[in-house]
Amino acid sequence: MKENYIHEIKAFENHQLDSFDYGHVVVTSDIVQSSLNYYGQAHGGYLFTLCDQISGLTAISTGSDAVTLQSSINYIKPGNLGDKLTIEGSCTHDGRTTKVIDVTINNQDRELVAKASFTMYVTGQHKEETIQ
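One numbering rule holds for all chains: residues counted from 1, following each sequence as written. In keeping with the predicted nature of the model, local features appear solely for residues at pLDDT of at least 70, side-chain atom pairs appear and are counted solely at 80 or more, and the whole-chain, interface and lining totals rest on all residues. Computation of side-chain values: all heavy atoms of the structure, hydrogens and water removed.

- The name given to the protein in an unreviewed UniProt entry is Acyl-coenzyme A thioesterase PaaI family protein, with the source organism recorded as Streptococcus criceti HS-6.
- UniProt positions are given in the numbering used here, feature names are shortened, and annotations may be inferred rather than shown by experiment. Looking at the protein in UniProt, the text filed under Sequence similarities (unreviewed entry) is "Belongs to the thioesterase PaaI family."

Right under this line is the structure:
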């Protein structure tokens, strides 16, 4: 019985990269059944994973590989099954050894679902072509 409380969480099952510019990335994704928590709303871990992935992708857009050094997130409004989310990352500090990335998640009604901030530690130059 207690094992019924544990749900598998998946992210990026149906994502689309809408914009990939230097220091700015926009991805859209729909909330699906496997994105939900026990209460039927988007799991906080799912929303955080979206933010963390977009933060890393935003760092890559500046030409750097980076890992999360510190992060914080505020959950503003619940995400519901079928919502279309827009996840937007913006680099607000483009340093040599660290980058600060702000990430927002909005629903299809442009309502803020979550807002996060990431300090990324630069591990090296990204090997693919740098977007400028």
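Thoughts on the pairing of strand E1 (residues 16-21)
Line of reasoning, step 1. Direction of pairing for E1 relative to strand E2 (residues 24-30): antiparallel, over a ladder of five bridges. Paired with leucine 17 across the bridge in E2 is valine 27. Strand pairing requires that DSSP identify at least two bridges connecting the strands. Think of it this way: any DSSP run of H or I at least four residues long counts as a helix, any run of E at least two long counts as a strand, and we number them from the N terminus.

Let's talk about the pattern of salt bridges
Line of reasoning, step 1. For salt bridges, the criterion is a side-chain nitrogen of Lys or Arg within 4 Å of an Asp or Glu carboxyl oxygen. By the definition in use, this model includes three salt bridges.
Line of reasoning, step 2. Across the pair aspartate 30 and lysine 84 runs a salt bridge whose closest N-O atoms are separated by 3.8 Å. Of this pair, aspartate 30 sits in strand E2 while lysine 84 is found in strand E4 (residues 84-94), placing the two residues 54 residues apart along the sequence.
Line of reasoning, step 3. Each residue's exposure class comes from its accessible area (1.4 Å probe, protein chains only) as a fraction of the maximum for that residue type: buried when under 20%, exposed when over 50%, partly exposed otherwise. Overall, aspartate 30 belongs to the partly exposed group, its relative accessible area being 28%.
Line of reasoning, step 4. In this structure, lysine 99 and aspartate 94 form a salt bridge, with 2.3 Å as the shortest nitrogen-oxygen distance.
Line of reasoning, step 5. For lysine 99, a relative accessible area of 2% gives the class buried.

Things to note about the side chain of histidine 126
Line of reasoning, step 1. The topology assignment puts histidine 126 in the segment after strand E6 (112-125).
Line of reasoning, step 2. Between N or O atoms, a polar contact is any pair within 3.5 Å; within protein, one atom must be a potential hydrogen donor and the other a potential acceptor, and residues adjacent in sequence are included only when both atoms are from side chains. Reaching out from histidine 126, the side chain makes a polar contact with the side chain of aspartate 65 at a distance of 2.5 Å.
Line of reasoning, step 3. Residue contacts for histidine 126: discarding those within four places in its chain leaves Ile60, Gly63, Ser64 and Asp65. Here a residue-residue contact requires only that any non-hydrogen atoms of the pair lie within 4.5 Å.

Considerations on the pairing of E2
Line of reasoning, step 1. Counting buried residues in E2 gives five out of seven residues, a clear majority hidden from the surface.
Line of reasoning, step 2. Between E1 and E2, which pair antiparallel in sequence order, lie two residues; one of them, glycine 23, sits at a positive phi of approximately 75°.
Line of reasoning, step 3. Bridging between E2 and E4 involves seven bridges; their strand directions are antiparallel. Across the sheet, the residue bridging to valine 26 is glutamate 88, located in E4.

Topic: the nonpolar core
Line of reasoning, step 1. Among the nonpolar cores identified, the biggest contains 24 residues, and Leu47, Leu85 and Ile105 are the most heavily contacted of them.
Line of reasoning, step 2. At the level of secondary structure, the elements contributing two or more residues to this core comprise E2, helix H1 (44-61), strand E3 (64-75), E4, strand E5 (98-106) and E6.
Line of reasoning, step 3. Not counting residues within four places of it along the chain, the set of residues in contact with isoleucine 105 comprises Leu47, Leu50, Cys51, Leu85, Thr86, Ile87, Glu111, Leu112, Val113 and Ala114. Joining through side-chain atoms within 4.5 Å is the link that ties buried Ala, Val, Leu, Ile, Met, Phe, Trp, Tyr and Cys residues into a set, and such a set is a nonpolar core.

Concerning the sheet that holds E1
Line of reasoning, step 1. Here we have six strands laid out as an open sheet, ordered E1-E2-E4-E5-E6-E3, and antiparallel in their pairing. Of all the strands in the sheet, just E1 and E3 have a single pairing partner and so form its edges. For this sheet, the mean inter-axis angle between neighbouring strands, taken without regard to orientation, is 20°.
Line of reasoning, step 2. To obtain each axis, a line is fitted to C-alpha atoms, and for helices this fit is confined to the stretch in contact; angles are then taken between N-to-C directions over 0 to 180 degrees. Where H1 meets the sheet, its contacts fall on E1, E2, E3, E4, E5 and E6, and the angle it forms with E3 comes to roughly 145°.

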